Amino acid sequence: MSVLLRLVAILQIAGGFYGLASTLASGGAGGGAVLVLVIGLLLSTFAMIAGVLLLEGDALGERLSRIALALQIPVIATPWLSYAWHAGATVPLQFRFGRHVVLDLDWSVPSEAFRLALAGPSTAILGVNLLALGLWLVMRFARR
């Protein structure tokens, strides 16, 4: 297994574990918050399982890891819908649309976040998690 695939596996395991811990610690209030909490727990568990299977060299782990990475690529925050998820680390490139379009590049390691809402900021933000996109491309085109 290549070093990059091991890195993907370790980030997914660590990010999934960190996500489980932080999601459980945050709790939830109200019906919508409980749904977001459950989805966050499921995504964190999914990332962790995908990472473990990938680390073991399982072909299913490769497929699940590609799915987990694909789910981490979009960053969307509009007044109508907001979605973003990352497990382990993130390098989001975001465009903020207001009176002027602002380009923002950030990074965070270690980190985990899940945001899902039927509402969001008044200023739309669209972007991609460059780290997830790059690792997805590595997973997609890497030879075993």
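Residues numbered from 1 in each chain as written. Predicted model: local features only at pLDDT ≥ 70, side-chain atom pairs only at ≥ 80, totals over all residues. Heavy atoms only, no water.

Asks: Any chance you could break down helix α4 (residues 130-141) for me, citing the residues and the numbers?
Replies: Here α4 spans 16 Å end to end across 12 residues, near enough to the 16 Å set by a 1.5 Å rise per residue. For α4, the complete set of buried residues consists of Ala132, Leu135 and Met139. The buried residues of α4 all sit within an arc of 70° when viewed along its axis, so they share a single face. (Helix = DSSP H or I, 4+ residues; strand = E, 2+ residues; numbered from the N terminus. Expected span 1.5 Å × (residues − 1). Buried < 20%, exposed > 50% of the residue type's maximum accessible area, 1.4 Å probe, protein only. Arc of directions from axis to C-beta.)

Asks: A description of the sheet that holds strand β4 (residues 101-105) should follow, citing residues and the corresponding values.
Replies: Judged by pairing direction, the sheet is antiparallel, and its 6 strands sit side by side in the order β4-β3-β6-β1-β2-β5 without closing on themselves. The strands lining the two open edges of the sheet, one partner per strand, are β4 and β5 (108-117). When strand polarity is set aside, the average angle formed by the axes of neighbouring strands in this sheet is 20°. In this structure, strand β1 (residues 74-77) lies alongside strand β2 (residues 82-90), joined through 3 bridges in antiparallel fashion. Directly across from Ala77, in β2, lies its bridge partner Ser82. (Pairing = 2+ DSSP bridges. Axes fitted to C-alpha atoms, helices over the stretch in contact; angles between N-to-C directions.)

Asks: How would you sum up the packing of aromatic side chains? Please name residues and give values.
Replies: Enumeration over the complete set of coordinates arrives at 1 aromatic pair. Here the aromatic rings of Tyr83 and Phe114 are separated by 6.4 Å at their centres, their planes lie at 80°, and the arrangement is edge-to-face. In this pair, Tyr83 is assigned in strand β2 and Phe114 in strand β5, connecting sequence segments 31 residues apart. The exposure class assigned to Phe114 is buried, which follows from its relative accessible area of 14%. (Phe/Tyr/Trp six-rings, centres within 6.5 Å; stacked < 30°, edge-to-face > 60°.)

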